[in-house]
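The lines below spell out each chain.
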Amino acid sequence: MKKNIYLAVTGIAVVALTGSLSAHEPGALTNTDAATPAGQMPAQLVMEDDQHGEHINASGLWWKWDTATGDWCSARNVPLEHGVDFFGGFTTEVWGIPTGGIRTGAVSTSLFDFGVEIHLQKLVGWTGATVHNSWFAPMGKDISSEYVGNLFTASNAAAFNSLYLYELWLQQNFMEDAISIRLGQLAADTEFAGSDYGSLFLNSTFGWPPFLSENIPNVGPAFPKGTLGVRLALNPTDWFTFLTVVYQGDPFEDTVNRHGFHWELNSRIGYAWMNEAQLRWNHCDESAGFPGQVKGGFWYHTADTPSANASSSTVYQGNYGFYAVLDQMLYRERGEEITVVGKDGKSVLTEKSDQGLGCFGRVALGPQDRNFIGFYFDTGLTYKGLIPNRNDDTFGVAFAFGQLTNGARESLSDEGSRAVGAEVVFEVSYQCQVTPWLAVQPDLQYILNPGATQDHSNALVIGARASITF
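These remarks concern the structure in this document.

The rules we used
- Residues numbered from 1 in each chain as written.
- Predicted model: local features only at pLDDT ≥ 70, side-chain atom pairs only at ≥ 80, totals over all residues.
- Heavy atoms only, no water.
- Helix = DSSP H or I, 4+ residues; strand = E, 2+ residues; numbered from the N terminus.
- Buried < 20%, exposed > 50% of the residue type's maximum accessible area, 1.4 Å probe, protein only.
- Contact = heavy atoms within 4.5 Å.
- Areas by Shrake-Rupley, 256 points an atom, 1.4 Å probe, with all protein chains shown as cover.
- Core = buried A, V, L, I, M, F, W, Y, C linked by side-chain atoms within 4.5 Å.
- Polar contact = N/O pair within 3.5 Å; in protein donor to acceptor, adjacent residues only side chain to side chain.
- Phe/Tyr/Trp six-rings, centres within 6.5 Å; stacked < 30°, edge-to-face > 60°.
- Arc of directions from axis to C-beta.
- Salt bridge = Lys/Arg side-chain N within 4 Å of Asp/Glu carboxyl O.

### Thoughts on the overall build of the protein chain
And step 1. When helices and strands are counted, the protein chain shows 6 helices and 18 strands.
And step 2. Looking at the protein chain residue by residue over its 470 residues, the buried ones come to 52%.
And step 3. For the protein chain, the proportion of contacts with a sequence separation of at least 24, taken over those separated by at least 6, is 68%.
And step 4. Looking at the protein chain as shown, the accessible area adds up to about 20,600 Å², and 61% of this sits on carbon and sulfur atoms.

### Looking at the nonpolar core
And step 1. One finds Ile143, Leu212, Tyr247, Met274 and Tyr323 to be the most contacted residues of the largest nonpolar core, which totals 48 residues.
And step 2. Those residues in contact with tyrosine 247, other than ones at most four positions away along the chain, are Leu186, Ala187, Ala188, Phe192, Pro221, Thr227, Leu228, Gly229, Tyr271, Ala272 and Met274.
And step 3. By size, the runner-up hydrophobic cluster in this structure holds 9 residues, among which are Trp65, Ala68, Leu438 and Val440.

### Describing the side chain of serine 162
And step 1. Tracing the backbone through its elements, the reader meets serine 162 in the loop between helix H4 (143–148) and strand S4 (164–174).
And step 2. Relative accessible area serves as the criterion here: at 13%, serine 162 is assigned to the buried category.
And step 3. At 2.6 Å, the side chain of serine 162 forms a polar contact with the backbone oxygen of arginine 258.
And step 4. In this structure serine 162 touches Phe136, Ala137, Pro138, Arg258 and His259, once residues within four positions along its chain are discounted.

### A few points about the packing of aromatic side chains
And step 1. Enumeration according to the criterion identifies 22 aromatic pairs in this entry.
And step 2. Taking 6.3 Å as the distance between ring centres and 5° as the angle between the ring planes, the aromatic pair formed by phenylalanine 114 and tryptophan 135 counts as stacked. Of this pair, phenylalanine 114 sits in strand S2 (residues 105–119) while tryptophan 135 sits in strand S3 (residues 129–140), placing them 21 residues apart in sequence.
And step 3. Take phenylalanine 114: its relative accessible area is 27%, and that puts it in the partly exposed class.
And step 4. Looking at tryptophan 135, the relative accessible area reads 19%, which means it is buried.
And step 5. Measuring from centroid to centroid gives 5.1 Å for phenylalanine 298 and phenylalanine 322, while their planes differ by 40°, and the two rings are tilted. Taken together, the residues phenylalanine 298 in strand S9 (residues 292–306) and phenylalanine 322 in strand S10 (residues 315–332) connect sequence positions 24 residues apart.
And step 6. Overall, the relative accessible area of 25% leaves phenylalanine 298 in the partly exposed class.

### Points about helix H6 (residues 406–414)
And step 1. Taken as a whole, H6 has its buried residues at Gly407, Ala408, Ser411 and Leu412. For H6, the angular spread of the buried residues around the axis is 130°, confining them to a single face.
And step 2. The elements touched by buried residues of H6 are strand S15 (394–404).

### Digging into the environment of isoleucine 97
And step 1. On the secondary structure map, isoleucine 97 appears in strand S1 (residues 84–101).
And step 2. Separated by 365 residues in the primary sequence, isoleucine 97 and isoleucine 462 place their C-alpha atoms 6.3 Å from one another.

### Focus on the pattern of salt bridges
And step 1. Under the definition given, this model contains 10 salt bridges.
And step 2. Ionic pairing is found between glutamate 191 and arginine 182, a salt bridge with its closest N-O pair at 3.6 Å.
And step 3. Note on glutamate 191: relative accessible area 7%, which makes it buried.
And step 4. Using a relative accessible area of 11% as the deciding quantity, one classes arginine 182 as buried.
And step 5. In this structure, a network of salt bridges that share partners links the residues Arg182, Glu191 and Arg231.

Right, dumping it as structure tokens:
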């Protein structure tokens, strides 16, 4: 056991040292869970990818390329020019628990993702249409399930080892992208309840949150597999978006739905209905203020829902909950000065910087009688460019609190658990952009009351991630 911990800590130190010693010019974020740079519009709010079709840069030194595999000897740029964009990445992690939890130990976790996005307007002249297909292949072990025993999984890349169809959909935009309809296999965690600043962190609670994953059957339509669904997005202005979607009500357990193809639509498993309104400010280039956004959401599951107390035979008609999300930039570093030559001579402009301090927060409520998590709250701070000459690195601290419902507490107490109540997570993380296609991220987490009980002692979890974009 001591040998496993030693190997994990050694691996973490090597990954962290590699990132800190890098002298290369950092580029775009490569971590699939990385936060949206401060001041930029979140990806899910963009109806059409304006960057699609640009050439992949493979000139100069290898570590300055946009991707690790370059432009495939120019072969990659040919489909790009016709609206076909192949993408892929690989994430590997090492995790160790030196104290607390179920027992001490160490594991490795990896995730391979790949897919293709086709803009049919470029390919065949179909205006406003996009086809997207993506897959996940998780590998390795989950430190939380095997060693920590907590609800909020320490790694958002950990999952049952298999190959999963994540998303396969057709999207049609209308009225200059003011209306968008998406149909097919959809994942809710790509568009709903997410925080841009919170997405830096590796604990899964800061991604697809437990007020959804613990209250919707089998985690709901989220990593690593989506479900059948249809989504409508209304984006009448650049500062407001409304999303509504209906999903298959149960994605089923991984041992049943091993690859994401178990499709079933009926009233027995029900349907998951999600709605979210998004309000943004100071996101346009002309705005002088700090950018931010607020989201308000409501979800409803139509299937009959048993009581949260396993000893009760009560069955409720449906389940539901409410949530709110806030992202706000608090401080922006001064941008670079650029010289523009106009008709009246030269003028100096200051380019808006995406470096600075940002904060996030989420809060959620659900009925006590039928949910597992009744109240949830998380918050945190991130700073991009904190260290001089490391402009694309991001440092963050975060906190999450999830309280069990009265019914869930009674059920666990009846099973013999001690001091049932809430689980708390503290996380400190630093994402180092080594090259445009490689990022390393040492991470530290402390979990209070793993599993929302005192059956296991508080746990210290140490990890590191390396992410490559192909």
